[in-house]
Amino acid sequence: MPDYTLEYAHGGRVAGVDEVGRGPLAGPVVAAAVMFPGSVPGVLADRLDDSKKLRPAVRQQLYDLLHTTPGILIGVGAASVAEIARYNILRASWLAMQRAVGRLPNLPELVLVDGNAAPDFGCPAQCIVGGDAISLSISAASVVAKVIRDRLMTRLARRWPDYGWERNAGYGTAIHRSGLMARGASPHHRAAFGTVRRILQAAVPPSSPPSAEQPSC
């Protein structure tokens, strides 16, 4: 379970940052930054974990607690499908992280980032591989980003119901791939992703050879 060791070791304003949505075939990438006021309330410390390990109902409860507990600062940022196509998914993820940190009321003295590389936040940063299972600040950020992105994909699913986004959040599940094969790509698909291109190319029927009774030109 994650703990607050890294934050205590620094002793100043420390924000945890994580992103959600690098792997899906559709939708934006969303990042969150969370900064606790010196310690983590027990009700959160005992339950926070990597958002992928938590049931949706638990994530929602933790999300609500994070937003209603006094003193906790939260910033959220995103990068659009167009920005993912323009910059690539890694740099778009960094852009979302920068926006999340920039929306905190106060600039942290240190940013703990889940992963092995980080963008420039205007303050020191420490990268932690698997950080959402190590740092409570990062795990809190992963919960916030996951809940927000899942909500967004559920809303998009109402307008684009063929892909099952309310259940798969844009990841390449069987129903999502089937929808791509049958309906083609929506404006929210990451058309530059190789998986999306291959699915769309496979959905195009091969050209029929010219008939012997018809001229070929």
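All of these numbers come straight from a predicted model, not from anything done at the bench.

About the cut-offs
- Residues numbered from 1 in each chain as written.
- Predicted model: local features only at pLDDT ≥ 70, side-chain atom pairs only at ≥ 80, totals over all residues.
- Heavy atoms only, no water.
- Helix = DSSP H or I, 4+ residues; strand = E, 2+ residues; numbered from the N terminus.
- Buried < 20%, exposed > 50% of the residue type's maximum accessible area, 1.4 Å probe, protein only.
- Axes fitted to C-alpha atoms, helices over the stretch in contact; angles between N-to-C directions.
- Parallel < 35°, antiparallel > 145°, perpendicular 65-115°, else oblique.
- Left-handed = near helix turned anticlockwise from the far one by under 90°.
- Contact = heavy atoms within 4.5 Å.
- Nonpolar A, V, L, I, M, F, W, Y, C, P; charged D, E, K, R; others polar.
- Pairing = 2+ DSSP bridges.
- Phe/Tyr/Trp six-rings, centres within 6.5 Å; stacked < 30°, edge-to-face > 60°.

Engineer: For this particular structure, what's the right way to read the overall build of the chain?
Structural biologist: The helix and strand inventory of the chain stands at nine helices and five strands. Ordering the α and β elements of the chain from the N terminus gives α-β-β-α-α-β-α-α-β-β-α-α-α-α. Taken along the three principal axes of its C-alpha coordinates, the chain extends 85 × 35 × 25 Å. Relative to its full complement of 217 residues, the chain shows a buried share of 46%.

Engineer: Honestly, the packing of helix α3 (residues 56–68) against helix α6 (residues 136–159) in this entry has me stumped. Any pointers?
Structural biologist: What describes two packed helices is the angle between their axes and the distance between those same axes. At a minimum axis separation of 9 Å, α3 and α6 run at an interaxial angle of 115°. Considering their axes alone, α3 and α6 lie roughly perpendicular with respect to each other. Like other packed secondary-structure pairs, α3 and α6 cross with a definite hand, here left-handed. Residues R59, Q60, L62, Y63, L66 and H67 of α3 pack against A140, V143, V144, K146, V147, I148, D150 and R151 of α6. Within the contact of α3 with α6, the residues separate by chemical class into eight nonpolar, two polar and four charged.

Engineer: Whenever I open this one, the sheet that holds strand β2 (residues 29–35) confuses me. Can you help?
Structural biologist: Either a parallel or an antiparallel arrangement is found when strands of a sheet pair, and the pairing is made through backbone hydrogen bonds. Pairing is mixed in the open sheet, where five strands are placed in the order β3-β2-β1-β4-β5. Looking at which strands have only one partner, the edges of the open sheet turn out to be β3 (73–79) and β5 (125–128). Sheet twist, expressed as the average angle between the axes of neighbouring strands with direction ignored, equals 20°. Relative to β2, strand β1 (residues 14–20) runs antiparallel, the two sharing six bridges.

Engineer: It is not clear to me how the packing of aromatic side chains should be interpreted in this structure. Could you clarify?
Structural biologist: Two descriptors summarise a pair of aromatic rings, namely the distance from one centre to the other and the angle between the planes of the rings. The tally for this structure, following the rule as stated, stands at three aromatic pairs. Ring geometry for Y4 and F36: centres 6.1 Å apart, planes at 80°, overall edge-to-face. Of this pair, Y4 sits in the segment before α1 (5–10) while F36 is found in the loop between β2 and α2 (42–45), placing the two residues 32 residues apart along the sequence. No difference in accessibility class separates Y4 from F36, as the two residues are buried. An aromatic cluster of at least three residues, connected via ring pairs, comprises Y4, Y8 and F36.

Honestly, that's just the spatial picture; any functional story needs more than this.
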